Amino acid sequence: MPDPTTPTAVAAAAAGVSLATLLPGIDGNALIGAFAGAALVAISSKEPRLLVRAVHVLISLVMGYLTAPEIVAQTPLQETGVAAFAAAALIVTLALWATERIKTLDLSIFTRRGG
């Protein structure tokens, strides 16, 4: 399986995204924006394992596409492509950061009494 950041893999994925925008009910702007954000995640990832990077890209793509309408509704952004790009580029980074914070959280502060 080629590395997701190789030109061939990126070109194949871009072709698939382009074809998917032709389907009825698909927001092409959001899909292309989410793909661009997911590609940024793949390129900037320091993760050495290919499968983990591929999962990060897939999560970024899906969540970027799904959150774009809500971001447009709640912010001054007007284009779903820009909203999807921002969401896709940030979602994995924020999720990994939150996961690391939760792992180091000391839950004993919630069980202490009188202090």
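Residues numbered from 1 in each chain as written. Predicted model: local features only at pLDDT ≥ 70, side-chain atom pairs only at ≥ 80, totals over all residues. Heavy atoms only, no water.

To continue, consider the overall build of the protein. When you go through the protein residue by residue, the secondary structure sums to 4 helices and 0 strands. Evaluated residue by residue, the protein yields a buried proportion of 23% over its 115 residues. With an accessible surface of roughly 7,800 Å², the protein has 70% of that area assigned to carbon and sulfur atoms. (Helix = DSSP H or I, 4+ residues; strand = E, 2+ residues; numbered from the N terminus. Buried < 20%, exposed > 50% of the residue type's maximum accessible area, 1.4 Å probe, protein only. Areas by Shrake-Rupley, 256 points an atom, 1.4 Å probe, with all protein chains shown as cover.)

A word on the nonpolar core. Within the largest apolar cluster, 7 residues are counted, these being Ala 30, Ala 34, Ala 68, Val 72, Ala 83, Ala 84 and Ala 88. At the level of elements, helix H2 (28-44), helix H3 (50-74) and helix H4 (80-103) are the ones that each hand at least two residues to this core. For Ala 83, the contacting residues outside a window of four places in its chain are Ala 68, Ile 71, Val 72 and Leu 77. (Core = buried A, V, L, I, M, F, W, Y, C linked by side-chain atoms within 4.5 Å. Contact = heavy atoms within 4.5 Å.)

Helix length check: H2, at 17 residues, gives a terminal C-alpha distance of 24 Å against a target of 24 Å (1.5 Å per residue), a fit within 8%. By the burial criterion, the buried members of H2 are Gly 28, Ala 30, Leu 31, Gly 33, Ala 34, Phe 35, Gly 37, Ala 38, Val 41 and Ala 42. Near the N-terminus of H2, the side chain that reaches the backbone nitrogen of Asn 29, with its oxygen 3.2 Å away, is that of Asp 27. (Expected span 1.5 Å × (residues − 1). Polar contact = N/O pair within 3.5 Å; in protein donor to acceptor, adjacent residues only side chain to side chain.)

Running from N to C, H2 and H3 point in directions that differ by 150 degrees, and their axes come no closer than 8 Å. Judged on the interaxial angle alone, H3 and H2 are roughly antiparallel. In the packing of H2 onto H3, the handedness of the crossing is right-handed. Contacts between H2 and H3 involve Ala 30, Leu 31, Ala 34, Phe 35, Ala 38, Val 41 and Ala 42 from the first element and Arg 53, His 56, Val 57, Ser 60, Leu 61, Gly 64, Tyr 65 and Ala 68 from the second. Its residues assigned to classes, the contact of H2 with H3 comprises 11 nonpolar, 3 polar and 1 charged. (Axes fitted to C-alpha atoms, helices over the stretch in contact; angles between N-to-C directions. Parallel < 35°, antiparallel > 145°, perpendicular 65-115°, else oblique. Left-handed = near helix turned anticlockwise from the far one by under 90°. Nonpolar A, V, L, I, M, F, W, Y, C, P; charged D, E, K, R; others polar.)

Glancing now at the pattern of salt bridges. Enumeration over the complete set of coordinates arrives at 1 salt bridge. For Lys 103, the salt bridge is made with Glu 100, and the minimal N-O distance between the two is 3.5 Å. Remark: Glu 100 and Lys 103 occur in helix H4; sequence separation between them is 3 residues, near one turn of the helix. Owing to a relative accessible area of 60%, Lys 103 belongs among the exposed residues under this scheme. (Salt bridge = Lys/Arg side-chain N within 4 Å of Asp/Glu carboxyl O.)

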